[in-house]
Amino acid sequence: MRDDTYLANRLNCLWAKYFSDVPKKEDVKIHFGRKALYRFGSIKFCFTDKTVRVTINGRFQDKKYPREIIDHTIAHELVHYAQGFPTPGPALHRYPHRGGVIDKELEARGLSRLTGFYKDWAKDYIKNL
Ligand SMILES: [Zn+2]
């Protein structure tokens, strides 16, 4: 089973490699949440301690889910962060998923391989639910 340390390592690795231009303005924490069917990840600003919390679907603790799916989910949340979500203050895009902005930015950052992997995987995942 994967744990939160595994997630922190993946986050740091992806940040260093693909998001190094994005300043870490807050402490960014990552952890596994509940097991969900459709929601793979989320990012939110926590006002009480001024940290940013990334939550990854608890299902993905199981190693039968490929690492690329976790990487894709983390990268997706990092794009939100790079684009100004969920920090209080101005955001570049008011509606974060409109017009494929996430996929476009993943591609611009050299992560289109992950997007392709995710799309193929998601088809099978939904078929087998
Ligand atoms: Zn999103």
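Each remark here, short or long, concerns the structure printed above.
Nothing here was measured: the structure is a model prediction, and the numbers come from that model.

Asks: Mind showing me how you'd approach the sheet that holds strand E1 (residues 27-32) here?
Replies: Strands pair in a sheet through their backbones, by hydrogen bonds, and they do so in one of two ways: parallel or antiparallel. With mixed pairing, three strands are arranged side by side in an open sheet as E1-E3-E2. The open sheet has two edge strands, E1 and strand E2 (41-46), and neither has a second partner. Direction aside, the axes of adjacent strands within the sheet are offset by 20 degrees on average. Its contacts with the sheet place helix H1 (residues 4-18) against E1 and strand E3 (51-56), and it is angled at close to 135 degrees to E1. Its contacts with the sheet place helix H2 (residues 67-82) against E1, E2 and E3, and it is angled at close to 40 degrees to E2.

Asks: Hey, could you run me through the coordination of the zinc ion in this one?
Replies: In an ideal tetrahedron of four donors about a metal, each angle is 109.5 degrees. In an ideal octahedron of six donors, the angles are 90 or 180 degrees. Coordination of the zinc ion by the protein involves His76 (NE2), His80 (NE2) and His97 (NE2), with metal-donor separations of 2.0 to 2.1 Å. Motif for the zinc ion, donor spacing along one chain: H-x3-H-x16-H. Pair noted here: His80 is in helix H2 and His97 is in the loop between H2 and helix H3 (101-108), with a separation of 17 residues, a long-range link. The class of His97 is exposed, set by a relative accessible area of 51%.

Asks: Help me understand the pairing of E3 in this model?
Replies: Regular strands place side chains that alternate from one sheet face to the opposite one. Burial analysis of E3 places five of its six residues in the buried class, the great majority of the element. Relative to E3, E2 runs antiparallel, the two being bridged by six bridges. When the sheet's bridge partners are listed, Ile43 is paired in E3 with Val54. Between E2 and E3, which pair antiparallel and follow one another directly, the connecting turn spans four residues, one of which, Lys50, has a positive phi of 55 degrees.

Asks: Got a minute to help me understand the environment of Glu77 in this structure?
Replies: Relative to the helices and strands, Glu77 is located in helix H2. Sequence separation between Glu77 and Ile102 is 25 residues; the distance between their C-alpha atoms is 9.1 Å. Apart from residues no more than four positions distant in its own chain, Glu77 is found in contact with Gly41, Ser42, Ile43 and Val54. A polar atom in the side chain of Glu77 sits 3.5 Å from the backbone nitrogen of Ser42.

What counts as what
Residues numbered from 1 in each chain as written. Predicted model: local features only at pLDDT ≥ 70, side-chain atom pairs only at ≥ 80, totals over all residues. Heavy atoms only, no water. Pairing = 2+ DSSP bridges. Helix = DSSP H or I, 4+ residues; strand = E, 2+ residues; numbered from the N terminus. Axes fitted to C-alpha atoms, helices over the stretch in contact; angles between N-to-C directions. Contact = heavy atoms within 4.5 Å. Donors = N, O, S within 2.8 Å, 3.2 Å for Na, K, Ca; no water. Buried < 20%, exposed > 50% of the residue type's maximum accessible area, 1.4 Å probe, protein only. Polar contact = N/O pair within 3.5 Å; in protein donor to acceptor, adjacent residues only side chain to side chain.

Without other data, these values stay purely geometric and don't point to any function.
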